[in-house]
Protein chains: 2
Amino acid sequence: MTSNTASHLRLTSHPGRVSTRRFPIQWDAQSASQRGPVIATPNAGAERNAIGAHGGAYSIYRALAISSGAMASDARPDLTDTHPVAPIGPHAQWREPGRIVSLDPWGHRVAEDFAAELAGGVDIRPTIAVTSARIALPEIREAVARGRLKIDGEVVQAGGEVAVTKAAIDPVWHLPGIAARFDVEEAQLRRALFEQTGGMYPELVTRPDIAVFLPPIGGITLYIFGDPARLGDRRFPLTCRVHDECNSSDVFGSDICTCRPYLIHGIEAAARQAQEGGAGLVVYNRKEGRALGEVTKFLVYNARQRQPGGDRAATYFERTECVAGVRDARVQELMPDALHWLGVRRIDRFISMSNMKYDALVAGGIEIGERAPIPDELAPPDACVEMEAKIAAGYFTLGKAPAARAVS
Amino acid sequence: MTSNTASHLRLTSHPGRVSTRRFPIQWDAQSASQRGPVIATPNAGAERNAIGAHGGAYSIYRALAISSGAMASDARPDLTDTHPVAPIGPHAQWREPGRIVSLDPWGHRVAEDFAAELAGGVDIRPTIAVTSARIALPEIREAVARGRLKIDGEVVQAGGEVAVTKAAIDPVWHLPGIAARFDVEEAQLRRALFEQTGGMYPELVTRPDIAVFLPPIGGITLYIFGDPARLGDRRFPLTCRVHDECNSSDVFGSDICTCRPYLIHGIEAAARQAQEGGAGLVVYNRKEGRALGEVTKFLVYNARQRQPGGDRAATYFERTECVAGVRDARVQELMPDALHWLGVRRIDRFISMSNMKYDALVAGGIEIGERAPIPDELAPPDACVEMEAKIAAGYFTLGKAPAARAVS
């Protein structure tokens, strides 16, 4: 097998030459076995039924490790003891046609659902992992010290640590479903994905018979506060923050935006809801700089500061569009999928002012009760340009503009 | 052009059919014009001289935006006012053969160095952006409150905010140089990159004449404390932390590892060094979970906790290797490039215990003075398994094991 791989190279594949007959995928099926396993390993041969690679972009690091001899090319995961710490689903949404198109709802149950195939030597890999953790944040310790959050020994522990169940999700795209979600022809979508990436994965166009694609984009992390089973049960109120990555603020505390303060506020509110008999959820999406990346983001910062008249709300989105060609590439249309995976039908308290997130969730069939803006005292003074610009563009505000901090 | 693009599709390219003659790349050249611009836009046609796409994986979001009509496929960046807030280089290392192979040292100077070509309609894009920021972190405010860090009104400002110059860097790989760095044949490297990613970019194998590749992996962010010009000047002592992303800890404060505490300690030390007449640097590499990704990381957490005998240092790396096939895929061999880009020849105080990072820097020709472990009081109690395992594997410790917290 190894020597054969070394001698023969196939640039791309075509229908008929390689068959996906052994493991056809029937998306939206009633069970994991009817749906079939997603197989995208390089050595899978005729068993492969997906375009792309497991681990997305990290397959490039795997290639370097293999190339340099640090890793065997035929290494296979030993999945012993890796299964979820808490069961998630199956939920009704997993089988509703078109409800979930950008992740594999069965992706965390691989070792369980396909035990026989794995024992038979098929290389099936999880695309979701569920574990538990305790998180310790200075802002949460302060919330405890100030009495906003109480120690209950369960959700919030003695030292101020917060207990969570968390899930990491790699993207798994069902291309017909993705096309339908954006209301475009599937062939046109496949071609744009191929061409705009400079020719990544010719199989996007040569293999219309392969419906599943593992794109090398960043994934999603879910932080669940309280019993995960409550998320799909409307009797328990749910507080939820959907957060898109902003490394500058989330990690380094940049004072030009509200990202980290809003995220931390969401964590605090989610923990409190879990203590009060409900559940909390924070969704963390790897979509740096509105999914335009950090290089573009920093270029835009410079253009905003240097423009005639200086940085101001009126030209906030315009500067991004000039540099990036679009003001936002986060495509919130796919965002509700992670909530459907958890069985969520209603968010009682949504910790976000984003109209784009709100609209996507409602269009996805998720009810939203109250919407909670960031408390005034948490927004850094220098974030006023961002906030004003967003409010002007349709962000939700409870009717009060942040007048005290507004630039004139 | 648009209608032609829509009708004709080229799955991959071959030497001779498409020429890179107009803008040949001469890596390690003496000047930007001799080196030539890196061009990887989908519409570049015969001017394209690199495999891959600008923005890496974010090109996939761009494709969705274009496919859904939110963005024009021929949008071009307007680079007005986007140039660096502080000059970086050119440094001698930019021209030393093989010194920098994983980023484009001229990538932030595009608008300046190729102004004529841009005016002539060539679509050349920056792969590096340099901006300024103020960072506000609760731990740094605490360091100020406790007197470990003083307010000087320049590096550390009145409210405890820290002034930084920061750079975002997208990877630009010179494939012959990457192969040399790992001591493998270039053809073998290209083939591993192609095959292990499930067939991403056939041009890796069909176009040996194209030497440059923009891989869709995460990039690097540099946080510079004090005058960036000091980084390349040995008269000014340099304190540096090289940090690999750990979202669980860096953002959410997971108590199972030392990542965020060590990062924050590095920020504090870097700021102090800038105040004391030197310079500080924090390098943030997007290599989540040892470049194995978060799904693998969470699977490993579960396997560590559930193994017979429970989580312990002796089997820390073994569990990762069982699940991932390798204990670490971060390939520190490429890490020194960002420091060479800044002109760094010596790190006086290196805020890291990692032997892999140390070895890579020294092999890259960067001298290291003192090495600073994480202060005992900053390490979360639950991180002892990680720390013990790393020390056993060769991490630097100043001769003292973290005995007080060691598991028996």
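Residues numbered from 1 in each chain as written. Chains lettered and ligands numbered in written order. Predicted model: local features only at pLDDT ≥ 70, side-chain atom pairs only at ≥ 80, totals over all residues. Heavy atoms only, no water.

Draft legend 1. Summary view of the interface of chain B and chain A. Between chain B and chain A, the contact holds 116 residues from the first and 116 residues from the second. By the criterion of area lost to chain A, the three top residues of chain B are Y61, Q196 and F252 of chain B, representing 9% of everything that side buries. Our count for the contact surface shared by chain B and chain A stands at 8 salt bridges. As a salt-bridge pair, R286 of chain A and E245 of chain B come within 2.9 Å of each other at their nearest N and O atoms. (Contact = heavy atoms within 4.5 Å. Buried area = accessible area lost by both parts, 1.4 Å probe. Salt bridge = Lys/Arg side-chain N within 4 Å of Asp/Glu carboxyl O.)

Draft legend 2. View of the pattern of salt bridges. Residues and elements named next belong to chain A. With the rule as written, the count across this model stands at 65 salt bridges over all chains. Residue R234 pairs with E367 through a salt bridge whose shortest N-O separation is 3.2 Å. On the criterion of sequence distance, the pair formed by R234 in the loop between β6 (220-225) and β7 (238-244) and E367 in strand β10 (residues 367-371) is long-range, its members being 133 residues apart. On the basis of relative accessibility, which here comes to 36%, the residue E367 falls in the partly exposed class. (Helix = DSSP H or I, 4+ residues; strand = E, 2+ residues; numbered from the N terminus. Buried < 20%, exposed > 50% of the residue type's maximum accessible area, 1.4 Å probe, protein only.)

Draft legend 3. Inspection of the side chain of T197 of chain A at higher detail. Within the secondary structure layout, T197 of chain A lies in the loop between α8 (186-196) and α9 (203-206). When its relative accessible area of 1% is taken as the criterion, T197 of chain A is described as buried. Among the polar contacts listed, one links the side chain of T197 of chain A to the backbone nitrogen of M200 of chain A, at a separation of 3.3 Å. Setting aside anything within four residues of it in sequence, one finds T197 of chain A in contact with A192 of chain A together with G52, A53, S59, I60 and Y201 of chain B. (Polar contact = N/O pair within 3.5 Å; in protein donor to acceptor, adjacent residues only side chain to side chain.)

Draft legend 4. Geometry of the packing of α8 of chain A against helix α3 (residues 58-67) of chain B. Running from N to C, α8 of chain A and α3 of chain B cross one another at 140°; their axes reach a closest spacing of 8 Å. For the element pair α8 of chain A / α3 of chain B, the angle class is oblique. The hand of the α8 of chain A/α3 of chain B crossing is right-handed. Counting all contacts with α8 of chain A, which are made through Q188, L189, A192, L193 and Q196 of chain A, the residues of α3 of chain B involved are S59, I60, R62, A63, L64, I66 and S67 of chain B. Its residues assigned to classes, the contact of α8 of chain A with α3 of chain B shows 7 nonpolar, 4 polar and 1 charged. (Axes fitted to C-alpha atoms, helices over the stretch in contact; angles between N-to-C directions. Parallel < 35°, antiparallel > 145°, perpendicular 65-115°, else oblique. Left-handed = near helix turned anticlockwise from the far one by under 90°. Nonpolar A, V, L, I, M, F, W, Y, C, P; charged D, E, K, R; others polar.)

Draft legend 5. Region of the structure containing the relation of the copies chain B and chain A. Of the transformation placing chain B onto chain A, the axial shift is 0.0 Å and the rotation is 180°, giving an RMSD of 0.0 Å. Such a combination of turn and shift is consistent with a two-fold rotation axis. An overlap of 100% is found between the interface residues of chain B and their copies at the interface of chain A, pointing to a shared contact surface. (Least-squares fit on C-alpha atoms with pLDDT ≥ 70 in both.)

Draft legend 6. Spotlight on the packing of helix α13 (residues 294-306) of chain A against helix α14 (residues 316-324) of chain A. Residue and element names in this part refer to chain A. Between α13 and α14, whose axes approach to 9 Å, the crossing angle comes to 125°. By the angle class used here, α13 and α14 are oblique. Classified by chirality, the crossing of α14 by α13 is right-handed. Two secondary-structure elements touch here, α13 through T296, L299, V300, A303 and R304 and α14 through Y316, R319, T320, V323 and A324. Class assignment of the residues belonging to the contact of α13 with α14 gives a composition of 6 nonpolar, 2 polar and 2 charged.

Draft legend 7. Fine view of the confidence of the model for chain A. Residues and elements named next belong to chain A. With 95% of its residues at a pLDDT of 70 or more, chain A shows a mean pLDDT of 92. Note on residues 1-6: pLDDT is under 50 here. Beyond four places in sequence and across chains, it has 4 contacts. Taken together, the stretch residues 400-408 has pLDDT below 50 and engages in 11 contacts with residues farther than four places along the chain or on a different chain. (pLDDT = per-residue confidence, 0-100.)

Draft legend 8. Region of interest: the sheet that holds strand β8 (residues 279-285) of chain B. Strand order in the open sheet made by the 7 strands is β2-β3-β6-β8-β7-β9-β10 (chain B), with mixed pairing throughout. Each end of this open sheet is capped by a strand with a single partner; those strands are β2 (128-135) and β10 (367-371) of chain B. Here the strands of the sheet are splayed against their neighbours by 25° on average, with no regard to which way each runs. Its contacts with the sheet put α13 of chain A on β2, β3 (162-169) and β6 (220-225) of chain B, and the angle it makes with β2 of chain B is roughly 70°. (Pairing = 2+ DSSP bridges.)

Draft legend 9. Region of interest: the pairing of β10 of chain B. As defined by bridge partners, strand β9 (residues 346-350) of chain B adjoins β10 of chain B across 4 bridges and the pair is classed as parallel. The residue of β10 of chain B that forms the bridge with I347 of chain B is I368 of chain B.

Draft legend 10. Up close: the state of the cysteines. All told, the structure shown has 0 disulfides over all chains when counted by the stated rule. Looking at C246 of chain A, it has no disulfide partner, and the nearest cysteine sulfur is the one in C259 of chain A, 3.7 Å off. You can see C257 of chain B has no disulfide; the closest cysteine sulfur is in C259 of chain B, sitting 3.6 Å from it. (Disulfide = S-S within 2.5 Å.)

Draft legend 11. Spotlight on the environment of I210 of chain A. All names here are of chain A. With respect to the helices and strands, the residue I210 is situated in the loop between α9 and β5 (212-214). On the accessibility criterion, I210 (2% relative accessible area) is buried. Separated by 25 residues in the primary sequence, I210 and R235 place their C-alpha atoms 40 Å from one another.

Draft legend 12. Here's a closer look at the nonpolar core. One finds W173 and L193 of chain A together with L64, W173 and L193 of chain B to be the most contacted residues of the largest nonpolar core, which totals 68 residues. If near-sequence neighbours (up to four positions away) are discounted, L64 of chain B is found in contact with W173, I178, F182, L189, V331 and L334 of chain A. If you look at the next biggest cluster of nonpolar residues, it comprises 46 residues, including A143 of chain A together with I140, L263 and I267 of chain B. (Core = buried A, V, L, I, M, F, W, Y, C linked by side-chain atoms within 4.5 Å.)

Draft legend 13. Local environment of the packing of aromatic side chains. Scanning the entire structure with this criterion turns up 16 aromatic pairs over all chains. A ring pair is formed by Y316 of chain A and F317 of chain A, whose centres lie 4.9 Å apart and whose planes are at 85°; its orientation type is edge-to-face. A single burial state applies to Y316 of chain A and to F317 of chain A, both of which are buried. Ring plane angle 85° and centroid distance 4.9 Å describe the contact between W94 of chain B and W106 of chain B, whose orientation is recorded as edge-to-face. Here W94 of chain B, found in the loop between α3 and α4 (110-113), pairs with W106 of chain B, found in the loop between α3 and α4; they are 12 residues apart in sequence, far enough to count as distant. (Phe/Tyr/Trp six-rings, centres within 6.5 Å; stacked < 30°, edge-to-face > 60°.)

Draft legend 14. Structural view of helix α17 (residues 384-392) of chain A. Residues and elements named next belong to chain A. By the burial criterion, the buried members of α17 are C384, V385, E386, M387, A389 and K390. Against the buried residues of α17 lie α13 and α14. The first or second residue beyond α17 is G394, which carries a positive phi of 120°.

Draft legend 15. Representation of the pairing of β6 of chain A within the structure. Residues and elements named next belong to chain A. Counting buried residues in β6 gives 6 out of 6 residues, a clear majority hidden from the surface. Neither face of β6 is open: one carries I220, L222 and I224, the other T221, Y223 and F225, and all of them are buried. Judged from the 6 bridges that link them, β6 and strand β8 (residues 279-285) form a sheet pairing that is antiparallel. Across the sheet, T221 pairs through a bridge with Y284, a residue of β8.

Draft legend 16. Representation of unusual backbone geometry within the structure. Residue and element names in this part refer to chain A. Residues G89 and P90 are joined by a peptide bond in cis, for which omega reads 0°. With respect to the helices, strands and loops of the structure, P90 is situated in the loop between α3 (58-67) and α4 (110-113). The phi angle at A291 is positive, at roughly 60°, despite the residue not being glycine. Within the secondary structure, A291 sits in helix α12 (residues 288-291).

Draft legend 17. Main features of the sheet that holds β7 of chain A. On the basis of which strands lie adjacent, the open sheet formed by 7 strands has the order β2-β3-β6-β8-β7-β9-β10 (chain A) and mixed pairing. In this open sheet, the two edge strands, each paired with only one partner strand, are β2 (128-135) and β10 of chain A. Neighbour-to-neighbour, the strand axes of this sheet turn through a mean angle of 25°, independent of strand direction. Pairing between β7 of chain A and strand β9 (residues 346-350) of chain A: 2 bridges, direction parallel. Bridge assignment links C240 of chain A to a residue of β9 of chain A, and that residue is F350 of chain A. Against the sheet, helix α11 (residues 259-275) of chain A contacts β2, β3 (162-169), β6, β7, β8 and β9 of chain A, and its axis sits at roughly 155° relative to β8 of chain A. Each of β2, β3 and β6 of chain A is contacted by helix α13 (residues 294-306) of chain B, which is oriented at about 70° to β2 of chain A, the strand it contacts most.

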